[in-house]
Amino acid sequence: MKKCIALYQMNEKESGTVSHINAGNDFSRRLFDLGLISGQHIACVNKGLFGSPIAYEICGSKIALRKNDAKKIGVVL
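Residues numbered from 1 in each chain as written. Predicted model: local features only at pLDDT ≥ 70, side-chain atom pairs only at ≥ 80, totals over all residues. Heavy atoms only, no water.

## Here's the deal with the sheet that holds strand E2 (residues 15-21)
One open sheet accounts for 6 strands, arranged E1-E6-E2-E3-E4-E5; its pairing is antiparallel. Edge positions in the sheet fall to strand E1 (4-6) and strand E5 (61-65), since each has one partner strand and no second. Strand after strand, the sheet turns through a mean of 40° between neighbouring axes, direction not considered. Here 5 bridges tie strand E4 (residues 54-58) to E5, and the two strands are oriented antiparallel to one another. What sits directly across from isoleucine 58, in E5, is serine 61. (Pairing = 2+ DSSP bridges. Helix = DSSP H or I, 4+ residues; strand = E, 2+ residues; numbered from the N terminus. Axes fitted to C-alpha atoms, helices over the stretch in contact; angles between N-to-C directions.)

## Concerning the environment of leucine 77
Looking at the secondary structure, you find leucine 77 in the segment after strand E6 (73-76). The exposure class assigned to leucine 77 is partly exposed, which follows from its relative accessible area of 29%. In sequence terms leucine 77 and phenylalanine 27 are 50 residues apart; their C-alpha atoms lie 23 Å from each other. The residues contacting leucine 77, other than those within four sequence positions of it, are Lys2, Lys3, Ile5, Met10, Glu14, Ser15 and Gly16. (Buried < 20%, exposed > 50% of the residue type's maximum accessible area, 1.4 Å probe, protein only. Contact = heavy atoms within 4.5 Å.)

## Remarks on the pairing of E2
By the bridge criterion, 3 bridges tie E2 to strand E3 (residues 41-47) in an arrangement that is antiparallel. Residue pairing for E3: glycine 16 is matched across the bridge by isoleucine 42. Here E2 runs beside E6; their pairing, made up of 4 bridges, is antiparallel. The residue of E6 that forms the bridge with histidine 20 is glycine 74.

## Quick notes on the packing of aromatic side chains
By convention here, two paired aromatic rings are described through the distance between centres and the angle between planes. Using the criterion set out here, one finds 0 aromatic pairs in the structure. Its end group placed over the ring of tyrosine 8, lysine 71 keeps NZ or CZ at 5.6 Å from the ring centre. When the ring centre of phenylalanine 27 is taken as origin, the NZ or CZ atom of lysine 72, which lies over that ring, is 5.3 Å away. (Phe/Tyr/Trp six-rings, centres within 6.5 Å; stacked < 30°, edge-to-face > 60°. Lys NZ or Arg CZ within 6 Å of the ring centre and 35° of its normal.)

## Comments concerning the pattern of salt bridges
Under the defined criterion, the tally for this structure stands at 3 salt bridges. Between arginine 29 and aspartate 33 there is a salt bridge, and its shortest N-O distance comes to 3.5 Å. Separated by 4 residues within a single helix, arginine 29 and aspartate 33 lie in helix H1 (residues 25-33), roughly one turn from each other. When the shortest N-O distance is used, the salt bridge between arginine 66 and aspartate 69 registers 3.0 Å. We classify aspartate 69 as buried; its relative accessible area is 10%. Overlapping salt bridges bring together Arg66, Asp69 and Lys72 as one network. (Salt bridge = Lys/Arg side-chain N within 4 Å of Asp/Glu carboxyl O.)

The structure is reproduced here in structure tokens:
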């Protein structure tokens, strides 16, 4: 059974598929430019010492997002 969680809840070395993004137009556009769109595969690479920022691998690139921003993105594991 598939489980939907917020992106920040992923554990290191865990991967899933982006299901939705609940953010304003400007931030959604920025994420889109980074390759973060619905249906895209994403993996959690590393979490910061205090849980933020969090590094993810998407489209062959590594990006870092703050925990508050990662809360706006849904992922299906």
